[in-house]
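Notes for the structure review
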Amino acid sequence: MQKHQTIMKPTSAKDDPNLSDYQNTRESFDWSDVEKELDWLPNGGLNLAYEAIDRHVAKGNGEKLAMIWEGKNGEKETYSYDQMRIETNKFANSLLNLGVKKGERVFTFMERIPEIYFAVFGTLKMGGVIGPLFSAFGPDPVKDRLENSGASVLVTQPELLKKIESIFPSLPNLKHIIVVNKNGRSSEPVPPNNLDYYKLMSDASEEFGPIATTRDDYSIMHYTSGTTGKPKGAVHRHNAVIQHYLTGKWCLDLHENDIYWCTADPGWVTGTSYGMSAPWTNGVTQVIYEGGFNARKWYQILQDYKVSVWYTAPTAIRMLMKSGKELPQSFDLSNLRFSASVGEPLNPEAVEWGVDAIGMPFHDNWWQTETGAIMIANYASAEIKPGSMGKPLPGIFPGIIDAEGNEKSDGEEGNLAVKTPWPSMFQDYWEQRERYDSRFVAGWYLTGDEAYRDSDGYYWFIGRSDDVINTAGHLVGPFEVESALIEHPAVAEAGVIGKPDPIAMEVVKAFVSLKEGYEPSTELQRELMGFARQKLAAAVAPREIEIIDSLPKTRSGKIMRRLLKARELGLPEGDTSTLEED
Ligand code: AMP
């Protein structure tokens, strides 16, 4: 099946000679050549923080700017690689001073302020496992993640701490709460049973060492949603840095003098792999903007900080499209030379809009929390097929397979799978080994996506093979939302689906039935929306709630989400032979 015939010429000639001849690179590719470009620890170990920060200082580039930060209140701060080294050393020492040991889980629940970067890399330096949580989460998702991971440390900010106060009594493993009152934004003192970040840091030494992690030690964990059960903590190793580094270079085309901006939040995997590891292992200067989406402000950032490489997401691009192509033309975007996108299907119109509006197409690429790094991409040096995710990274071998693991031919639709292993492959779902094992068949990792490959080797996304919802690039497990809704006293049952949306791709829609004694009303509907938003996060909570008499269920009592979806979209209901009779 060939969906879109347009082919765009390469946008910029990559000066790395390897990738311009894609097929030869694939054939001669050897990961050990990439490993040689990194600086291993003297004892043969590997550490993501060392690769991202310290090695640049060791090479004499300590004065180079690593971070240009703009806060949501207009504050501006900059940090050189050497300053990053010192701040992360201090955080590593602060943890050791508290008695935190290698392998313990340290979670952040923070906005995009410089201190989150110090906490992440400081934790990695001392061998802790870092778990960054999305700051817009409500108490339920934070509690689930801290509980499952058994985290012993939480680093947070006063306003966020307030939001989740109720969860702490049920978290016996959580020993330390470190509070960062950034620039005195909060007038309240740090609660007496919590630790003041700045006090800890001022008591900590600026020197740290030796770093004692190996390539196989766990580094980062991110929770991701499935169809059933609570979200799973996908765990990565320090070894992933090899692929972060290479994909930063090849898929984002990062060069030494680039100014790079990644719009993803560190609470999601793009925000760590590409908002921390890939840019800094490639030694570039990174812009970090704490505020949210605003079309004018975003163009301003591209212009004012002279951003040259930009990594963003389809929903944001579609929102920019809505604000018109005249707006970017009133800014000087002449420094921008490469733009990429990830997280959801990027429609061909959006790729082409980029050419008119910002002078270049968006390069779509594909990967997921479990893969840890980009796997399939449209490269700077290769032709783009708008609407396609691109071609596999050299050294990565995806395939389209059937249920038994047999490969399908070009043009045939099937499950997108990847031959194991690869450097940034996840190693476990924390304490859910069975669910981890269920993702592999006959040497393939099953991605949960459906796709096909065309005869030129480009991959095309079709959809998810499960009920997971992708709203504005965030995966939402229906079970998580249903569980929150049924905690409301009026709700008997809940079924949650993804409803197509022109901007966010899908929005979360919930169907609920009521317990006896409750009547449907717009007030109740509104109350349920507020209830879910308070417990979850605006990004995850339902955008629509419909009250119905009863939910369609299988004879074994499982809610048939697919049927709810088909009814919502007016599509054929398919096989309903297992449907429970009323
Ligand atoms: P996450 O693990 O939250 O990063 O989400 C990964 C999922 O997002 C993938 O399995 C896909 O369903 C979707 N996704 C990511 N990138 C793309 C892309 N370029 N095109 C289509 N879907 C994508």
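Numbers given to residues run from 1 along each chain, matching the order in which its sequence is written. Owing to the predicted nature of the model, reporting of local features is limited to residues with pLDDT of at least 70; listing and counting of side-chain atom pairs is limited to 80 or more, with chain, interface and lining totals taken over all residues. Side-chain calculation: all heavy atoms of the structure are included, whereas hydrogens and water are not.

For the rest of this paragraph, the subject is the domain arrangement of the chain. When the domains of the chain are assigned, the result is domain 1 (17–450) and domain 2 (469–569). In this entry, domain limits derive from an automatic or database-based domain assignment. The C-alpha centroid of domain 2 is placed 30 Å from the C-alpha centroid of domain 1. Any pair of residues with heavy atoms lying within 4.5 Å of one another is described as a contacting pair. At the interface, 24 residues of domain 1 touch 23 residues of domain 2. Summing the contributions of domain 1 and of domain 2, the shared interface buries around 1700 Å²; its carbon and sulfur component is 59%. We define a salt bridge as a side-chain nitrogen of Lys or Arg found within 4 Å of a carboxyl oxygen belonging to Asp or Glu. At the junction of domain 1 with domain 2, the criterion picks out two salt bridges. A salt bridge links Glu480 to Arg145; the nearest nitrogen and oxygen atoms lie 3.3 Å apart. Here the side of domain 1 that touches domain 2 is composed, by residue class, of nine nonpolar, nine polar and six charged. Accessible area that two parts lose when put together, with a 1.4 Å probe and added across both, is what the buried area reports. Amino acids outside the nonpolar list (Ala, Val, Leu, Ile, Met, Phe, Trp, Tyr, Cys, Pro) and the charged list (Asp, Glu, Lys, Arg) are all regarded as polar, and Gly is one of them.

Let us look at the pattern of salt bridges. The final tally for this structure, using the stated rule, is 48 salt bridges. When the shortest N-O distance is used, the salt bridge between Lys565 and Glu506 registers 3.2 Å. In this pair, Lys565 sits in helix H19 (residues 561–569) while Glu506 sits in strand E26 (residues 505–514), placing the two residues 59 residues apart along the sequence. Sharing partners across several salt bridges, the network here consists of Lys499, Lys509, Glu544, Glu546 and Glu568. Helix numbering and strand numbering both begin at the N terminus, where a helix is a DSSP run of H or I of at least 4 residues and a strand a DSSP run of E of at least 2.

Within the secondary structure, Gly574 is located in the segment after H19. Each residue's exposure class comes from its accessible area (1.4 Å probe, protein chains only) as a fraction of the maximum for that residue type: buried when under 20%, exposed when over 50%, partly exposed otherwise. Gly574 sits in the exposed class, given a relative accessible area of 57%. As for Gly574 and Arg562, which are separated by 12 residues in sequence, their C-alpha atoms are 9.1 Å apart.

Quick look at the pairing of strand E10 (residues 259–262) now. What you see with E10 is no split at all: Ile259 and Trp261 on one side and Tyr260 and Cys262 on the other are buried throughout. Strand pairing follows a simple DSSP-based rule, namely that at least 2 bridges must link the two strands. As paired elements, E10 and strand E11 (residues 285–289) share three bridges and run parallel to each other. By the bridge assignment for E11, Ile259 is matched with Thr285. By convention, orient the strands away from the viewer: a clockwise path from the first strand over the helix to the second makes the crossover right-handed. Assessed by its sense of winding, the connection that carries the chain from E10 through helix H11 (residues 269–281) to E11 is right-handed. Bridging between E10 and strand E12 (residues 309–312) involves three bridges; their strand directions are parallel. When the sheet's bridge partners are listed, Trp261 is paired in E12 with Trp310.

Turning our eyes to something else, we now look at the side chain of Lys535. Tracing the sequence through the fold places Lys535 in helix H18 (residues 522–535). Polar contact criterion, stated in full: a pair of N or O atoms within 3.5 Å, where within protein one must be able to donate a hydrogen and the other to accept it, and residues adjacent in sequence count only if both atoms are side-chain atoms. Side-chain polar atoms of Lys535 contact the side chain of Glu487, separated by 3.1 Å. Residues contacting Lys535, with those up to four places away along its chain left out, are Gly138, Pro139, Asp140, Pro141, Ala484 and Glu487.

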